[in-house]
Amino acid sequence: MARSRGEKEEPEKYMGLLKLVQILSFLVVFAAGIIIGLATSSHMNRYFTRESFLFSDSRYSAPSSTLRGNYAVVQTCDDIDYLNIDKFVRPANLSHRMTDEQLFWRASMVPYKEEYPFERTPRVAFMFLTRGPLPLLPLWERFFKGHEKYFSIYVHALPGYKLNVSSDSPFYGRQIPSRNVGWGTVEMADAEKRLLANALLDFSNERFVLLSESCIPIYNFPTVYKYLTGSPYSFVESYDDPSRYGRGRYSRWMRPDIKIYQWRKGSQWFEMQRKVAIYIISDTKYLSLFRKYCKPSCYPDEHYIPTYLNIFHGSLMANRSVTWVDWSMLGPHPAMYKKENITEEFIQSLRNSNGSLCLYNEQRTSRCYLFARKFAPNTLEPLLKISSKCKNMIIRIFITSINY
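Residues numbered from 1 in each chain as written. Predicted model: local features only at pLDDT ≥ 70, side-chain atom pairs only at ≥ 80, totals over all residues. Heavy atoms only, no water.

1. Points about the pairing of strand E3 (residues 123-129)
- Here E3 lies mainly inside the structure; seven of its seven residues are buried.
- With seven bridges joining them, E3 and strand E5 (residues 205-212) adopt parallel strand pairing. Across the sheet, the residue bridging to phenylalanine 126 is valine 209, located in E5.
- Strand direction decides the pairing type here: E3 and strand E4 (residues 151-156), joined by six bridges, are parallel. Residue pairing in the sheet places methionine 127 in a bridge with tyrosine 154 of E4. (Buried < 20%, exposed > 50% of the residue type's maximum accessible area, 1.4 Å probe, protein only. Helix = DSSP H or I, 4+ residues; strand = E, 2+ residues; numbered from the N terminus. Pairing = 2+ DSSP bridges.)

Right under this line is the structure:
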């Protein structure tokens, strides 16, 4: 039976509505997708903006830009030499944030290749262990003047102290990161190792001298440099003292690693070659024994290095110090010399070791000491006068000096 016109339009109306619903649904989903995409993009932009702020350190940011004239020059990663050999072999800045453990590990690195891939002039590292000011600094500045190619300076002072010197002084910017040091404690050995490790970071340093604020040079720089770099030995005093001031400080708890017959005593004020300095800063085991068992009245600074080197590297030592000191007063401190004690005759007697002899490269000589202590601040003026008066004489002595 034929359908009426109304019956034919009914399904068509429903089909139209269905298509309309489908189109509207598509539009809703499409609009929702756009909204979600915009929201996500905004969130990611905020995230990466925050991250780029957090990692804005110059080590991570690339490219960077610098201003030259009125133009910005973009510096990319390819322009930055992170493995610059000059910065590695001779750090320009002594400041760093390494812990002692990190510092000693870094300084203990030894190249197997004997040849240097750069021009190397052996330097002497002068390491000053001081509480604060260097009252004899003008004398040392005169000593170093004109010889900048042959020395480096390192100063370990109390934390927070800033050495006040002019920018043209060889001591300018030469303080290393330091820690508190208690007299007669193992902290003295820690400070010595800290000085050695910082100096070892400079591959040009070949010899290492430990000095105090009361030390003076008794020869000119060329004489000192020739004397130290011309010897294969390290000038570390190490001897067996059977008295209560030597073996009497030994602790049996150090056995079996340190036996009493290996125990040694010596001057704190050493001079050593690079190889020996690396041995010292690489040690952890034996310093730990001293930290644990060498308490006050034991004086680790007088026993740790002499004992450690005696056990393992005795053949590398001259078994004497190149720093003169007067212990004739007895007691825990050496004699202190003042202004009225300073004469040309006195300084000359130090140069001649008061008539005594020692061995230098297996030959006997009267030139045993290069430095002396302890000198009060008021000795500066007479020392400078003697230094000026004797300058030409000292140079002649150096030029015509006999073979050691």
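Additional details are given in the paragraphs that follow.
2. So, the state of the cysteines
- Under the defined criterion, the tally for this structure stands at two disulfides.
- Between the sulfur atoms of cysteine 358 and its disulfide partner cysteine 368 the distance amounts to 2.2 Å. On the sign convention where negative means left-handed, the S-S torsion of about -115 degrees between cysteine 358 and cysteine 368 marks this disulfide as left-handed. Taken together, the residues span a long stretch of sequence, with cysteine 358 in strand E9 (residues 358-360) and cysteine 368 in the loop between strand E10 (363-365) and strand E11 (371-372) at a distance of 10 residues.
- Note on cysteine 358: relative accessible area 12%, which makes it buried.
- Residue classification places cysteine 368 among the buried residues on the basis of a relative accessible area of 4%.
- Among the cysteines of the protein chain that take part in disulfides, numbered as they appear in the sequence, the pairing is 1-2, 3-4. (Disulfide = S-S within 2.5 Å.)

Take it as geometry only, folks, not as evidence of what the structure does.
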